[in-house]
Amino acid sequence: MAEKLKLDQEFVEETEGEEDFEEQNEDWEDWSENDDDLNSSFLCLFCDSKFDSSDTLFDHCSFNHSFGFKGIRKTLDLDFYDSFKLINYIRSQVSGNKCWSCGHKFQSNKDLLNHLHEAIDLKGLKPVFGDDKYLKPFMEEDSLLHSFGEEDEDDEEESMASVDNREELMQVFGKVNGDLEKLLDEPGENVLDITAPGGDPLGDTIKSLEKITVNGAGNGDMGPDDQKQKPKSRGVSFANVVAKEIKNVNDNYFGAYSSFGIHREMISDKVRMDAYRGAILNNPSLMNDVTVMDVGCGTGILSLFAAQAGAASVFAVEGSSKMASVATQIAQENGRLRVANSSLDNGKCTGVINVVQGMIEDLDDEQIPPNSVDVLLSEWMGYCLLYESMLSSVLYARDRWLKPGGAILPDTATIFAAGFGRGGTSIPFWENVYGFDMSCIGKEVVEDSAQLPIVDVVDTRDIVTESVAVQTFDLMTMKTDEMDFTTTFELHPKSNISEEGGPVTWCHGVALWFDTGFTSRFCKEMPTVLSTSPYTPKTHWSQTIFTFTEPIAMGTGEFRTDCSTSIGTSASPATRIQLRISIVRSSQHRSIDISLETSGISSDGQKRCWPVQIFNL
């Protein structure tokens, strides 16, 4: 099933009802004095979410923003001060909508959040955030700065030691806060030359504190009893956070499918319905007197087709409790529901459909016996084929319930790509709005499109390259991890196309679509294909459009490359565009991340590469 409402949920619940702080002075000395009374929420490093503990915050950052603070500290062996600098560095980068790891700048925080990724070169980043200027807090009263290193104290004595040592540290940093801004304006000065409380250089004070952890235990003198792990009852389990967030997304996902408008749109999709109905009703050798499982049945329309085709039993599985009730009522009102002791006068059971409510992964063997299904049926496809990640549920059902030698409908899926021209963008629309030029809007929309994918119909007249198969899946044999893939392909210009009669055509981006096959492997009487291509009738999936950061000039003949101009310009058009695309399941459940690496290649083999683009769908 293709979801028509994009799920853009913040996974973690924001804490509510926390008491306000007493108003505190801005200097660090007062901050440390009131430390025991602090009860503020912790602000995420990247978004506006707030949490009641640093552990919960860092679990959120790891799951949603690809930032594993604890792992980074361990990998780089960061001490308290290095970690302190890292937090301030990230806050300073995020405030400017810059990626903390690659430095790429974005127009908005939303774009930045869609871009965030794991750091590729952590060791190379350490000198960057290790600059002493990041000893100065970027955000006033940042609770995280004096809490990220805390461990749960085992007794009151250890807790008091923690407070005493933290106060000593805060006095040091209070001095830093007072003098650092002036120091940083003086080239050649060293932050470690600042005089710490007591008259000693800050460098010496730091060295004297290196053996003291924030919780008061010495790094070099810890015995086995001091190294006890936190009790399991304390803190927040990362696994629990993940499970909770996945549950929230699933609730919204199945809640969205409780809308009848979505089901009307899907049922009104003639291409979709004709393909499934034809595959089910026109292949009697496949469907007659067999057990069928319909994964994600919705209204139950495919289960009704299976019953109509002669199936002996149909398990209609639906995650939405509302739609499971609706499917049950529809099957009953059409005489297809399997009901205990319900029969005709001749004693035969009237119905074959058994509606099972629940996620496929949560069902047990009593509800549906393992390896009992002859035909696995599902309409699982989303935008760009893999959006919604429902394919993993189909593969799970295949491995658990499909009999050896059983069938899957559809049994293949292929992603295709083609380049589109200027007409595939919004530029022409804004150039003439009731006779007025609004092209400034069109330019801004195109710039935004280079960061966010668009689901829309591409006119075949706007396709400027030949189509190419990007990736093919065999649902009978593929593994779940094959849903994440990277592949390279080339786009070649159509031989008969040029804009305004010139020798050069401009490729503004790439459109992706998919075909699913009901092949002769199982549909022996009448195989069929469900295509979402721009060359076939429109479907509710449309095409998924990825716009380049700048259009690329393409030519079909032999062009003499002008060494003084870049490949992909009108003076030196590319004869082909090479694309390396990666599509992976996002850390945000049911979403996908797409990276696009684009290169233009001239007729004499010269190559120009553009910066990688990262999209989230």
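Residues numbered from 1 in each chain as written. Predicted model: local features only at pLDDT ≥ 70, side-chain atom pairs only at ≥ 80, totals over all residues. Heavy atoms only, no water.

Draft legend 1. Examining the confidence of the model for the protein chain more closely. Mean pLDDT over the protein chain: 78, with 71% of residues reaching 70 or higher. Contacts for the low-pLDDT stretch residues 150-170, under 50 throughout, to residues beyond four places or in other chains number 33 contacts. Throughout residues 342-348 the model reports pLDDT below 50, and contacts reaching past four residues in sequence, or to other chains, amount to seven contacts. (pLDDT = per-residue confidence, 0-100. Contact = heavy atoms within 4.5 Å.)

Draft legend 2. Structural view of the packing of helix H4 (residues 80-95) against helix H6 (residues 122-129). Where H4 contacts H6, the axes come no closer than 10 Å and their chain directions differ by 85°. As the angle between them shows, H4 and H6 are arranged roughly perpendicular. The residues of H6 that touch H4, namely those facing Asp82, Lys85, Leu86 and Tyr89, are Leu125, Lys126, Val128 and Phe129. When its residues are assigned to classes, the contact of H4 with H6 shows five nonpolar, no polar and three charged. (Axes fitted to C-alpha atoms, helices over the stretch in contact; angles between N-to-C directions. Helix = DSSP H or I, 4+ residues; strand = E, 2+ residues; numbered from the N terminus. Parallel < 35°, antiparallel > 145°, perpendicular 65-115°, else oblique. Nonpolar A, V, L, I, M, F, W, Y, C, P; charged D, E, K, R; others polar.)

Draft legend 3. Expanded view of the pattern of salt bridges. All chains considered together, the criterion is met by 16 salt bridges. Ionic pairing is found between Asp411 and Arg521, a salt bridge with its closest N-O pair at 2.8 Å. Of this pair, Asp411 sits in the loop between strand S7 (402-409) and strand S8 (412-420) while Arg521 sits in the loop between strand S12 (504-518) and strand S13 (528-531), and the two are 110 residues apart along the sequence. Given a relative accessible area of 0%, Asp411 falls into the buried group. By sharing partners, the salt bridges in this structure join Asp411, Asp474 and Arg521 into a single network. (Salt bridge = Lys/Arg side-chain N within 4 Å of Asp/Glu carboxyl O. Buried < 20%, exposed > 50% of the residue type's maximum accessible area, 1.4 Å probe, protein only.)

Draft legend 4. Layout of the UniProt feature "domain: C2H2-type" (unreviewed entry) in the protein chain. Under the present numbering, the feature "domain: C2H2-type" (unreviewed entry) in UniProt falls on residues 44-65. Taken end to end, residues 44-65 is 55% helix and 9% strand, and its first and last C-alpha atoms sit 10 Å apart. (UniProt positions renumbered as here; feature names shortened; annotations may be inferred.)

Draft legend 5. How the structure looks around the sheet that holds strand S3 (residues 291-295). Across the sheet, five strands lie side by side as S5-S4-S3-S6-S7; this open sheet has parallel pairing. Since the sheet does not close on itself, it has two edges, and those belong to strand S5 (353-357) and S7, each with one partner. Neighbour-to-neighbour, the strand axes of this sheet turn through a mean angle of 20°, independent of strand direction. Looking at chain direction, strand S6 (residues 373-378) and S7 are connected through four bridges and run parallel. Within S7, the residue paired with Val373 across the bridge is Leu402. Against the sheet, helix H15 (residues 391-401) engages S3, S6 and S7, with an angle of about 155° to S7. (Pairing = 2+ DSSP bridges.)

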